[in-house]
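# Per-entry structural report
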Amino acid sequence: MRWALGFAAALASALASALAAAQPVPRGLVADPDPFPSTYSPAPSVPTAIVGAHILTGTGADIPEGTILMRGGRIEAVGAGLAVPAGYRAIDGHGRWVTPGIIDAHSHIGAEAAPTTSVSDQANEDTSPNTAEVWVEHSIWPQDPQFRLARAGGVTTLMILPGSDNLFGGRTITLRNVPATTVQAMKFPGAPYGLKMACGENPIQTYGSHGRAPATRMAEVAGYRRAWIAAAEYRRRWQKWRGGGERGDPPARDLQLETLAGVLDGKILVHNHCYRSDEMAVMIDIANEFGFRITAFHHALEAYKIAPLLAREGICVATWASSWGSKMEALDAVEENAAMIDAAGGCAVIKSDDPILGQRLNQEAGIAMTAGRRAGIDISEGRAIRWITLNAAHMLGIDRETGSLEPGKRADVALWSADPFSVYALADTVWLDGAPIWDRRDPSDRQPSDFLLGEPGQEQAR
Amino acid sequence: MIRGLALAALAFVAAPAAAETVAIVNAHIFTMGPAGEIARGTILIRDDRIAAVGPDVAVPADARKIDAGGRIVTPGLIATGTGLGALEVRSVEAANDRAARMPGISAAFDVGDGLDPDALPIPIARLGGITRAIDTPLYDDRGGPDQLFAGQAAAVTLAGPDMLMRRGVAMVLEAGEGGAARAGGARGAEIAALRAILDAVRAIGHGGAAPGDSFGLSHADLQALVPVVDGRMPLMVTVHRASDIKEMLAFAEEQHLRLILEGASEAWRVADAIARARVPVVLIPVRNIPASFAQLGATLENARRLQAAGVTVAFEGNGNTRERELRYNAGNAVAVGLPWRDGLAAITINPARIFGIADRVGSLEPGKDADLVIWSGDPLDTLGRADAIFIRGRAQPMVSRQTLLRDRYLPLILHPQAQGGPTK
């Protein structure tokens, strides 16, 4: 009897555990790859033709007098002497220029919103040097007036990053630059996440000056490595669980390690704020030690010193032409950085990191191109436009969708009043997925964000 | 012709050439003076001064001739609101003399003392065509915004060894939102304090003792303010909100002060009042961000609207190490409707007039200092570059630490197979 009872109990227990294995894991204990899904949908558009404009396609091609056809939100055709089919809205582009919509590969707008207040810096979670668990999209205020200002500068897509106070700042997000009431409605569908990392003076200033680690660059490197070791172990635990048929309780989730493991899986791209050439070389070794790739170095004012290395490694350089000198690590800037990276066969990108510069990335590319030419580097306009279009799209992992004017891609297009590299060029009309999001002559596009509604002076273009 | 000029420029690389007689011929000259625009003319430089400008200037036999090849020649640019010579690296305290924190040194702080003509940012700004600058003091607010006056501005020359051109060209003060923070939190408190301080200044100016409180200002500070109440030194006030600007206009009228408005994001909303008061405005034309509740009306069209109302406008660069962007800032104002010549005036003759140095610089006129720039194209455009720069008649080296770094590394990229480089 006793034996029988014991047998029954054992059987019940075995049954219970079998049942448990068959039951799904409660929601939230296993990572959802997309817990905040994009709800972006393109605005309605009409078939549109821009006729006779000087077109820089972003692929390197330069068509002095060409036509571009947009239909169904996509690029239909680009070339010289294309006929405009019946039913298209035709725009005379003679004397004007067409480029792909500008992509700002480094912005904080929405997270560092205007106006500045005691709570407006929502980009730096500077409470710990490793905050890989935060996602900057949760700090973004879609009513930030700076989004509209960027639209007027031809910007159709932006990557918003957490700030650079931390070794691991958190996840980046790539946005479509449309007026919206939720951040989900701005999210670029299918764009990969990024992880913001930072080298150098900022984490040292943020923590070392308060008696915390890192106080030195060597402690920064130790901090990166410690985190990647933990991420490798975490990833292995999950691989084991998945490889074992997902039986039993899954490993405990950790949002911080989940993001780092996403990098090790190759699904999350590393965007690394790093100024000095020696620091960049150390970061490349760390990436090799743990088996991940660095997608881009940001700011990277000394990239020109190691341009061949960065080209070999396939790491993009997102930089400026003019900014320099605010701190020691920014002392060795040259205006020709982008041109030198390009000449070495690398991926050069001009970005803003500044809501004022972000309204005129075309001019910054013009400064970089002009300086490069003056130094004897042969750069065509067709090539230089890539620094703010296709190369940026490549760096953000969205180059199949946007960044160049090629049939089938999203119709993200800017029509400029003049040579876009000139200070005098204004974005006359900007299309996103074939629908205008900015027209300099259309007062409805000057509508202020909710925040500025009813405030003085909003009748201005920008 | 271009090659000739490039060779001539190369000759100046080592050091600024000695002053001599130079004739710049075949130039498209914007004099910014009474001679206006000269489509094809000559500028004759003798030693450090302009001897003649015009379409038919006789070139002496001993003059070194530079053929401008029809390119544009302008006066050297004047940047306002800079720290050139007072600052090496912003984040390095030992290399930053633009702000001070010492009890009793507020209005008395003169940024014209302690200048370093060898400071790294100077050649970089100069390659942007800037030959003179108005250095302004900044507040050191690390211990809280408790200093009322930032101190005195100075006019400087971007060529050594004697960099200080004229000291005390303005007294710098923040009002409005920022000024309120300096006076315990309310705009009205700052105005009340200023009124009492200026009374005290007048008292000591007439040889008396300061009556009562001076709100943290020392005797040295009060003395430094005597030229302000006398109308010899303008008071440059950083203020943005339209209503704050109007209040400051009224205050300056009441106190008989010479006022310069700085920042002035919403100045266009009260442009007529500013024009009537004949108060000039110094601003950064690309600042169109509603960055604070005092700047909700910020717009790229600020400069254009002020100019149209008859206000004299001067432009600033983008701060500290970004002064070379001054000319692009002017170009951006032109892009939204400011007439081109007014854009150039805002970085040449206008700042010279506003800060009282137009007797020496700001336009190409006989007798003035020979500060000028030969441009490869449009000086306000991102596509144009300075080809040659003269300060007081001396051709300046077209190099900076940045061009030296570029030239050290560029060969490794253009000719990777060649041996050599800095770390061979």
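Calculation criteria
Residues numbered from 1 in each chain as written. Chains lettered and ligands numbered in written order. Predicted model: local features only at pLDDT ≥ 70, side-chain atom pairs only at ≥ 80, totals over all residues. Helix = DSSP H or I, 4+ residues; strand = E, 2+ residues; numbered from the N terminus. Buried ≥ 20, exposed ≤ 12 C-beta atoms within 10 Å, placed from the backbone. Contact = placed C-beta atoms within 7 Å. Rg over C-alpha atoms; globule rule 2.2 N^0.38 Å. Axes fitted to C-alpha atoms, helices over the stretch in contact; angles between N-to-C directions. Parallel < 35°, antiparallel > 145°, perpendicular 65-115°, else oblique. Left-handed = near helix turned anticlockwise from the far one by under 90°. Nonpolar A, V, L, I, M, F, W, Y, C, P; charged D, E, K, R; others polar. Core = buried A, V, L, I, M, F, W, Y, C linked by C-beta atoms within 7 Å. Pairing = 2+ DSSP bridges. Expected span 1.5 Å × (residues − 1). pLDDT = per-residue confidence, 0-100.

### Concerning the overall build of chain A
Check the secondary structure of chain A and you find 11 helices and 16 strands. Residue burial in chain A is summarised as follows: out of 462 residues, 52% are buried. Across chain A, contacts joining residues at least 24 apart in sequence account for 70% of those joining residues at least 6 apart.

### As for the overall build of chain B
Of regular secondary structure, chain B possesses 13 helices and 18 strands. Scaling as 2.2 N^0.38, a compact globule of 424 residues should have a C-alpha radius of gyration of about 22 Å, and chain B matches this with 23 Å. Dimensions of chain B along its principal axes, counting C-alpha atoms only, are 70 × 55 × 45 Å. The 424 residues of chain B split such that 57% are buried. Counted over contacts in chain B with a minimum sequence separation of 6, partners at least 24 positions apart contribute 68%.

### Quick notes on the packing of helix H4 (residues 217-243) of chain A against helix H6 (residues 277-290) of chain A
How two helices pack is summed up by the angle between their axes together with the distance between the axes. All names here are of chain A. Axis separation between H4 and H6 bottoms out at 11 Å; the angle between their running directions is 20°. Relative to H6, the element H4 is oriented roughly parallel. Of the two possible hands of crossing, H4 and H6 adopt the one that is right-handed. Residues Val-221, Tyr-224, Arg-225, Trp-228 and Ala-232 of H4 lie in contact with H6, whose contacting residues are Val-282, Ile-286 and Phe-290. Partitioning the contact of H4 with H6 into residue classes produces seven nonpolar, no polar and one charged.

### Focus: the nonpolar core
Nonpolar side chains tend toward joint burial in soluble globular proteins. By size, the foremost hydrophobic cluster in this structure holds 265 residues, and its most contacted members are Val-317 and Val-349 of chain A together with Ile-43, Met-171 and Leu-261 of chain B. Once you skip the residues sitting within four places of it in the chain, Leu-261 of chain B turns out to touch Val-237, Val-239, Ile-245, Ala-267, Ile-274, Val-279 and Val-281 of chain B. Ranked by size, the runner-up nonpolar core spans five residues in total, among them Ala-113 and Ala-114 of chain A together with Ile-289 and Ala-298 of chain B.

### What to know about the pairing of strand E6 (residues 77-82) of chain B
All names here are of chain B. Counting buried residues along E6, six of its six residues qualify, which places the element largely inside the surrounding structure. Bridging between E6 and strand E8 (residues 130-135) involves five bridges; their strand directions are parallel. The partner of Thr-82 across the bridge, within E8, is Asp-135.

### What about H4 of chain A?
The terminal C-alpha atoms of H4 of chain A lie 39 Å apart, and with 27 residues this matches the ideal 39 Å at 1.5 Å per residue to within 8%. Immediately beyond the C-terminal end of H4 of chain A, within one or two residues, lies Gly-245 of chain A, with a positive phi of roughly 75°.

### Considerations on the interface of chain A and chain B
Taken together, the 45 residues of chain A in the interface contact 41 residues of chain B. Counting residues per element, the ones that place at least two in the side of chain A that touches chain B are helix H2 (146-152), helix H7 (307-313), helix H8 (337-343) and helix H9 (361-374) of chain A. For the side of chain A that touches chain B, the leading source of residues is H9 of chain A, giving five residues. When grouped by side-chain class, the residues that make up the side of chain A that touches chain B number 25 nonpolar, 12 polar and eight charged.

### Observations concerning the sheet that holds strand E11 (residues 294-299) of chain A
Residues and elements named next belong to chain A. Spatially, eight strands are ordered E6-E7-E8-E9-E10-E11-E12-E13 in an open sheet, and the strand pairing comes out mixed. What marks the edges here is a single partner per strand, and that holds for strand E6 (102-107) and strand E13 (348-350). Averaged over all pairs of adjacent strands, the angle between strand axes in this sheet comes to 25°, irrespective of strand direction. Looking at chain direction, strand E10 (residues 269-274) and E11 are connected through five bridges and run parallel. In the sheet register, Val-270 faces E11, and the bridge partner there is Ile-294. Its contacts with the sheet put H9 on E6 and E13, and the angle it makes with E13 is roughly 130°.

### Some details on the packing of H4 of chain A against helix H5 (residues 255-264) of chain A
Residues and elements named next belong to chain A. Two elements in contact, H4 and H5, have axes separated by 8 Å at closest approach and are oriented at 85°. Classified by the interaxial angle, the pair formed by H4 and H5 is roughly perpendicular. Across the interface between the two elements, Ala-227, Trp-228, Ala-230, Ala-231, Ala-232, Tyr-234, Arg-235 and Trp-238 of H4 pack against Leu-257, Leu-260, Ala-261 and Leu-264 of H5. Looking at the contact of H4 with H5 residue by residue, the class counts come to 11 nonpolar, no polar and one charged.

### Details of unusual backbone geometry
Here the residue pair Ala-213 of chain A and Pro-214 of chain A is connected by a cis peptide bond, since its omega of 0° sits within 30 degrees of zero. For Pro-214 of chain A, the location among the structural elements is in the loop between helix H3 (201-207) and H4. At the junction of Gly-160 of chain B and Pro-161 of chain B, the peptide bond is cis and its omega measures out at -5° in the coordinates. Looking at the element boundaries, Pro-161 of chain B is found in the loop between strand E10 (149-157) and strand E11 (164-174). Positive phi values are uncommon outside glycine, yet Asp-353 of chain A reaches one of about 55°. Position of Asp-353 of chain A among the secondary structure elements: in the loop between E13 and H9. Residue classification places Asp-353 of chain A among the buried positions, given that 20 C-beta atoms sit within 10 Å. For Arg-278 of chain B, which is not glycine, the phi torsion reads 55° and is therefore positive. Looking at Arg-278 of chain B, the number of C-beta atoms within 10 Å reads 11, which means it is exposed.

### Focus on the environment of Asp-47 of chain B
Structurally, Asp-47 of chain B can be placed in strand E2 (residues 37-47). The sequence separation of Asp-47 of chain B and Ala-180 of chain B amounts to 133 residues, and the corresponding C-alpha distance is 50 Å.

### Concerning the sheet that holds strand E13 (residues 259-263) of chain B
All names here are of chain B. The eight strands are arranged E6-E8-E10-E11-E12-E13-E14-E15 in an open sheet whose pairing can be described as mixed. Strands with a single pairing partner mark the edges of an open sheet, and in this sheet they are E6 and strand E15 (313-315). Here the strands of the sheet are splayed against their neighbours by 30° on average, with no regard to which way each runs. Both E13 and strand E14 (residues 281-283) contribute to a ladder of two bridges, which runs parallel. Counterpart to Glu-262 in the pairing with E14 is Val-282.

### Let's talk about the confidence of the model for chain B
Looking at chain B, pLDDT values average 92 and 94% of them are 70 or higher. The ipTM assigned to the predicted complex is 0.93, against a pTM of 0.94.

### A look at the environment of His-219 of chain B
Residues and elements named next belong to chain B. With respect to the helices, strands and loops of the structure, His-219 is situated in helix H5 (residues 219-224). By the C-beta count within 10 Å, which is 14 here, His-219 ends up partly exposed. A sequence separation of 115 residues divides His-219 from Gly-104, and the C-alpha atoms of the two residues are 7.8 Å apart.

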